[in-house]
Amino acid sequence: MQNLTQKLKEFFNIPKLEQCERVLCVQPHPDDADISMGATVAKLSELGVKVFYLTVTDGSAGSQDESLIGQRLKEIREKEQEKAAETLGVHELIWLGFEDLGDYSIEQVRSKVTEQIRKIRPDVVFTVDPFLPYEVHPDHIKCGFAACQASSLYRLPKLYPGTCDHQLQAVGLFNTAHPNTFYEVEQRHMERKLLALSQHKSQFDESSLKMLSFYLTERAKHYAPEPGKLVETFKILPPSMLHVFPEALEF
Ligand SMILES: [Zn+2]
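Residues numbered from 1 in each chain as written. Predicted model: local features only at pLDDT ≥ 70, side-chain atom pairs only at ≥ 80, totals over all residues. Heavy atoms only, no water.

K.L.:
So what exactly am I meant to see when it comes to the coordination of the zinc ion here?
P.N.:
Protein ligation of the zinc ion involves His29 (ND1), Asp32 (OD), Asp32 (OD) and His140 (NE2), the donor distances falling in the range 2.1 to 2.4 Å. Mapped onto the sequence, the donors of the zinc ion take the spacing H-x2-D-x107-H. You can see aspartate 32 sitting in helix 2 (residues 32–46) and its partner histidine 140 sitting in helix 5 (residues 138–153), a full 108 residues away along the chain. Accessibility classification places aspartate 32 together with histidine 140 in one group, the buried group. (Donors = N, O, S within 2.8 Å, 3.2 Å for Na, K, Ca; no water. Helix = DSSP H or I, 4+ residues; strand = E, 2+ residues; numbered from the N terminus. Buried < 20%, exposed > 50% of the residue type's maximum accessible area, 1.4 Å probe, protein only.)

Following this line, the structure appears as structure tokens:
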């Protein structure tokens, strides 16, 4: 198995992230990509890679304060995401506007993501890992599956009319339990990420921001190959391995 996985890795050409022209991050809520890959986004943007955020839901359910949820929170979170994205150098924000914790389907999201893959023509699509054990949040599960399905099937006119000559090179999963990529970032990228997170004031008060910053910094150190380095972790797969490849787990 080890040997076969190695051969498959040699066969499939996974691009270096910094050599990409365009990267599309499909996130369930306005903050997920910042939390899980913000330092990578800061680094890639600095290197001239165009990073697009495609946010599936409007974030309108993300509060325990009943007076805030709905339209008001949606507007607040859009502004927070705009500021955070500016901090990280995100090229463009696109909103699908599905209701946070709403009754929408994977299929509905899948066709919207397919449309954006065809339009943006990214080298890599990032999203939450829908195979994360113990993940229960329906928006995360639906977003991850919709983006993975779109990344596998985007050329089919059944999902979106017309032909497509674009070749997506890889799918990157964040919040993954099976990382195969430990992407090195600098301290300044980590600082930018933490600054971006501080923009999401409706989501993190001072103490939860402190806790989150501690966890993310320790995590970045823990998975690094040597002391003093920082990484963000992903599972990066060729899109074709999202269908009928048992080896995808170990890839
Ligand atoms: Zn989320």
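Structure shown, so let's carry the discussion forward.
K.L.:
Would you take a moment to explain a nonpolar patch on the surface for this structure?
P.N.:
Judged by side-chain polarity, Met211, Phe214 and Tyr215 come together as a nonpolar surface patch covering roughly 360 Å² of accessible area. Assignment of secondary structure puts tyrosine 215 in helix 7 (residues 206–222). (Patch = residues over 30% accessible without salt bridge, like charges linked within 9 Å, V, L, I, M, F, W, Y side chains within 5 Å. Areas by Shrake-Rupley, 256 points an atom, 1.4 Å probe, with all protein chains shown as cover. Salt bridge = Lys/Arg side-chain N within 4 Å of Asp/Glu carboxyl O.)

K.L.:
Looking at this structure, how should I read the pattern of salt bridges?
P.N.:
Two side chains of opposite charge can pair, provided their charged atoms sit close to one another. By the definition in use, this model includes nine salt bridges. Between aspartate 31 and arginine 77 there is a salt bridge whose closest N-O contact spans 3.5 Å. Of this pair, aspartate 31 sits in the loop between strand 1 (22–27) and helix 2 while arginine 77 sits in helix 3 (residues 71–88), and the two are 46 residues apart along the sequence. Assessed through its relative accessible area of 6%, aspartate 31 is described here as buried. The salt bridge involving glutamate 184 is made with lysine 229; its shortest N-O contact spans 3.5 Å.

K.L.:
What exactly am I supposed to notice about helix 3 here?
P.N.:
One turn of an α-helix holds 3.6 residues; hence residues three or four places apart share an orientation. Look at helix 3: 26 Å from first C-alpha to last across 18 residues, which is about the 26 Å you get at 1.5 Å a residue. Listed in full, the buried residues belonging to helix 3 are Leu73, Arg77, Glu80, Gln81, Ala84, Ala85, Thr87 and Leu88. For helix 3, the angular spread of buried residues about the axis comes to 145 degrees, placing them on one side. Of the exposed residues in helix 3, those oriented more than 90 degrees away from the buried face are Arg72, Lys79, Lys83 and Glu86. (Expected span 1.5 Å × (residues − 1). Arc of directions from axis to C-beta.)

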